[in-house]
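# Inside the fold
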Amino acid sequence: MTNTPFNKAYFMISCGYGFMGSSTLQQQAIHLVFGTDEGMVREKASGIFAALTEGTNEFSHEILEAACGDSDEAAQLVRQVMEALRTLPFFPGRKVVWMKNCNFLGDSVTGRSSTTEAALDSFRQLLESGLGPDVLLLISASEFDKRRSFNKFLLQYAASEELNKPDITKAGWEGSLMPLINKETAARGMNFDSAALELFIHRVSESSRQIISEIEKLDLYLGADRRTVMPEDVERMVPLTRTGVIFEISRALENKKSDAAISLIDFQLERGENAITIMRAAFIPTLRNLLAARLLCDAFNLKPTNFKEFTARISSLPSYAAALIPLKKDGTPNAYPLFLAAQNASKFKTERLKQTLKECMKADKALVSSSLDPRLILHRLAICSAS
């Protein structure tokens, strides 16, 4: 590609870049990739960097590791980035500077430091003044506070992409993992048995890096002759992670196994998990789904023996009944957690479930507003749920 203004503009647009200072002829390309899913952020940023540097000499781009231990290191790194952006490439053509794995753009002690803020303010002034037409900046960060002044500037002028882990406290989070799982299994010629897939989703971490690692491990375990992952394969090869323990707590509550639930709760708390997260990811949705399943099974004679049949029956419920079904992020019914709950709902009396759900709401409030021991609150609720 020749380095004409037209080709430069075409290159930047085709890569999804915006122009800095649209009222001037000077063009500055900035790309930002951020989010809590570190694996996806690194993969996306690496792909962008490869696209931007294609056809350039290795001396025409710089990668600056931006994971800093304190504000002094952060300020020094920012100065290095600024110097790199000001320095003309050794050979004619594009120069790409990658500020990689930045960890001081979030709400942290280092990020809030006046030293860091002063360095970023100077950085912003440099970007606002405009750089050479063949200089491109790429920033990747796992910690990113959208309230900060410099970050607001980036969001306004950069072509940005946010890649976050799914929020396991919200219904339907499982669906957001499916594209990655399908992509990784298809690339290896693998597939999951339906039950194995559900078990895998709830056992692995919501981190893309962990998902890919576990699929690679299953691929090696299956060997060349067997390409379908079965539930026993997942149980044998995939260890329980934070997400998996939350899932197991829910299953213990559904089966009235308060001792198992308490052991898993203690395990999570000792690993540093927040009690409110356990409450809102395990207790509240599980008890809510149990009550909804009991009401719907009683009113419409639903039989949780076959998932496809159960889903078909759910889809034909009247609107007032369908309102009890949990939803996915896209607003469609999420039948699977209700199917799981329906298998155990008959163990619970409807009135008792209503009362337990009220106790759950009280416990949630106590975790937020009282000084009571969170462990004791969750233990009591686990025993109450099984009674």
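In what follows, the structure referred to is the one given above.
Residues numbered from 1 in each chain as written. Predicted model: local features only at pLDDT ≥ 70, side-chain atom pairs only at ≥ 80, totals over all residues. Heavy atoms only, no water.

### Comments concerning the overall build of the protein chain
- On a plain count of helices and strands, the protein chain comes out with 18 helices and seven strands.
- Expressed as a percentage of its 387 residues, the buried residues of the protein chain come to 50%.
- Intrachain contacts of the protein chain at a sequence separation of at least 6 include 75% that bridge at least 24 residues.
- In the form shown here, the protein chain has an accessible surface area of approximately 19100 Å², with 53% of it arising from carbon and sulfur atoms. (Helix = DSSP H or I, 4+ residues; strand = E, 2+ residues; numbered from the N terminus. Buried < 20%, exposed > 50% of the residue type's maximum accessible area, 1.4 Å probe, protein only. Contact = heavy atoms within 4.5 Å. Areas by Shrake-Rupley, 256 points an atom, 1.4 Å probe, with all protein chains shown as cover.)

### So, the sheet that holds strand S2 (residues 61-65)
- Strand order in the open sheet formed by five strands is S2-S3-S4-S1-S5, with parallel pairing between adjacent strands. Only two strands of the sheet have a single partner each, and these edge strands are S2 and strand S5 (159-162). Ignoring strand direction, the axes of neighbouring strands in this sheet form an average angle of 10°.
- Each of strand S1 (29-34), strand S4 (135-141) and S5 is contacted by helix H6 (residues 149-157), which is oriented at about 115° to S1, the strand it contacts most. (Pairing = 2+ DSSP bridges. Axes fitted to C-alpha atoms, helices over the stretch in contact; angles between N-to-C directions.)

### Description of the nonpolar core
- Counting 68 residues, the largest nonpolar core has Ile181, Phe192, Phe200, Met279 and Phe283 as the members making the most contacts within it.
- With sequence-adjacent residues up to four places away left out, phenylalanine 283 is seen in contact with Leu253, Ile265, Ile278, Cys360, Leu378, Leu381, Ala382 and Ser385.
- Counting residues in hydrophobic clusters, the runner-up holds 34 residues, among them Val81, Phe123, Leu131 and Leu137. (Core = buried A, V, L, I, M, F, W, Y, C linked by side-chain atoms within 4.5 Å.)

### Points about the environment of lysine 328
- Within the secondary structure, lysine 328 is located in the loop between helix H15 (319-322) and helix H16 (335-342).
- Looking at lysine 328, the relative accessible area reads 36%, which means it is partly exposed.
- In sequence terms lysine 328 and serine 176 are 152 residues apart; their C-alpha atoms lie 9.3 Å from each other.

Everything listed here is a matter of geometry and, on its own, says nothing about what the molecule does.
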